[in-house]
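One-letter residues, chain by chain:
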Amino acid sequence: MQLSDSTPLCAEAVAHPNIALIKYWGKAGDLHTNEPAVASLSITLDTLQTRTRLTFDAALESDTLILNGQRDERRLPRISEALDRLRALGNTSLRCEVETENNFPTGAGLASSASGFAALVVAGNTALGLELSLREQSMLARAMSGSAARSLFGGFARIALTEALNPPDPTFGSAYAQPILEASHWPLEVCVAVVSDREKPVGSTEGMELSRHTSPYYAPWLEGNNRDIEDAERHVRARDFEALAELSEFSCLKMHAMAMASRPGLLYWHGTTVTAMHEIRAMRAEGIPVFFTIDAGPQVKAICAPGYGDQVAARLEGLPGVQSILRCGLGEGARIV
Ligand code: DP6
């Protein structure tokens, strides 16, 4: 295909954030390859979404990024780097206009990089006629942001290091995500307690590198990962809520303990984060099937068994410091719209 004629090449894609129940925190190699040091398992959400339109156009002199209707220079370098990966595959030097909208706060620990880069890859694949397989798209998204590899798929997905390509593919690297089960297998509900919509002080990439190089708990974090991922997949297949709740909170607390023990320590939680964690544990003690998970930000994600979202949302909404509750079910993978 000739990509240098004057007709702009466009495509638009939608992707949803995903939430890891077994967390990814740590890189195996350099930042360019962005191979994860641990396997992870996630659920893809439905109502939160990123919608991205790409226009590769010979009339453009440079890449531009328009995020939620505003030009964004600060995030542009990372987006241009991601576009370079697409351009290399499409054998083109066309510059690109990226128009992207999130219907939820960006960069606040709500996995906007996962949905953002997944949408970018899917739109880029179509706009440039790359015809990449889903696995290749997942690997490309992983190189841009590790968690984005999982947003290619709906329902339950995992990145299993035991299945990573060895030796690595020269273009795509090693690790990719795979779908495990569809959303309909176990339609969990998610209530996100938004504690702050401010951007997190230390981004995931920087935080992970800090933990890798300074946290005394980093080595044991890597060691326990294989077992966690195998157990989590078994609990999901068996729809064993109690077992998944215990294991998922363990993975979350272990990740934060290791990150807190970095130097300087990474403290993503606010007071309200801890209040919400206690409330979720209290609900579980009362017999309500719910557990928490928290990423690189202060928001608390309450994962509920099907049918319990209303009750959990009402309890979290009443807590001092909780700004709002975002309600989600499990959704589809990234797609062209
Ligand atoms: C805490 O995927 O944002 O949300 O690969 O450096 O872009 P980079 O990191 P990113 O990290 C996500 C970390 C997490 C846990 C998870 O989603 O697994």
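These numbers come from a predicted model, not from an experiment.

Reading the values: rules and limits
Residues numbered from 1 in each chain as written. Predicted model: local features only at pLDDT ≥ 70, side-chain atom pairs only at ≥ 80, totals over all residues. Heavy atoms only, no water. Near = heavy atom within 4 Å. Polar contact = N/O pair within 3.5 Å; in protein donor to acceptor, adjacent residues only side chain to side chain. Areas by Shrake-Rupley, 256 points an atom, 1.4 Å probe, with all protein chains shown as cover. Helix = DSSP H or I, 4+ residues; strand = E, 2+ residues; numbered from the N terminus. Nonpolar A, V, L, I, M, F, W, Y, C, P; charged D, E, K, R; others polar. Domains from an automatic or database assignment. 1 Å grid on protein atoms, 1.4 Å probe; cavity = no way out; pocket = protein on both sides within 12 Å on 5 of 7 lines; lining within 4 Å. Points joined across faces, edges and corners; volume = space filled by probe spheres on them. Pairing = 2+ DSSP bridges. Axes fitted to C-alpha atoms, helices over the stretch in contact; angles between N-to-C directions. Contact = heavy atoms within 4.5 Å.

Draft legend 1. Representation of the site of the ligand. The ligand sits among 18 residues. The nearest are Tyr24, Ser145, Gly146, Ser147 and Thr205. Asp295 places a side-chain nitrogen or oxygen 3.4 Å from an oxygen atom of the ligand. For the ligand, whose accessible area on its own is 460 Å², the fraction buried by protein is 94%. Top element by residues in the shell around the ligand is helix H4 (residues 204–214). It accounts for three residues. In the shell around the ligand, the residues fall into six nonpolar, seven polar and five charged. The residues that make up the shell around the ligand include at least three from each of domain 1 (9–182) and domain 2 (189–328).

Draft legend 2. Region of interest: the layout of surface pockets. Counted as a void, the largest pocket has a volume near 1,000 Å³. If you go around the largest pocket, you meet 48 residues; those closest to its centre are Arg78, Ser112, Ser113, Ser145 and Lys200. Going through the elements one at a time, strand E2 (18–22), strand E4 (50–57), strand E5 (64–67), helix H1 (76–90), strand E7 (95–102), helix H2 (112–127) and H4 are the ones with two or more residues in the lining of the largest pocket. For the lining of the largest pocket, the class distribution of residues is 19 nonpolar, 18 polar and 11 charged. The residues that make up the lining of the largest pocket include at least three from each of domain 1 (9–182) and domain 2 (189–328). Estimates place the volume of the second largest pocket at around 270 Å³. Surrounding the second largest pocket, 17 residues form its lining, Arg85, Pro170, Thr171, Phe172 and Gly173 being those nearest its centre. Here the lining of the second largest pocket gets four residues from one element, more than from any other, and that element is helix H3 (residues 134–144). Among the residues making up the lining of the second largest pocket, the classes are represented as eight nonpolar, five polar and four charged.

Draft legend 3. Broad picture of the sheet that holds strand E9 (residues 177–181). Read from one edge of the open sheet, four strands run E2-E3-E8-E9, paired in antiparallel fashion. With partners counted over all chains shown, the strands left at the sheet margins are E2 and E9, one partner each. Across the sheet, the axes of successive neighbouring strands diverge by a mean angle of 35°, strand direction being ignored. Here strand E3 (residues 40–44) runs beside strand E8 (residues 156–159); their pairing, made up of four bridges, is antiparallel. Bridge pairing links Ser40 to Ile159 in E8. This element, helix H6 (residues 225–237), spans E2, E3, E8 and E9 of the sheet and lies at about 35° to E3.

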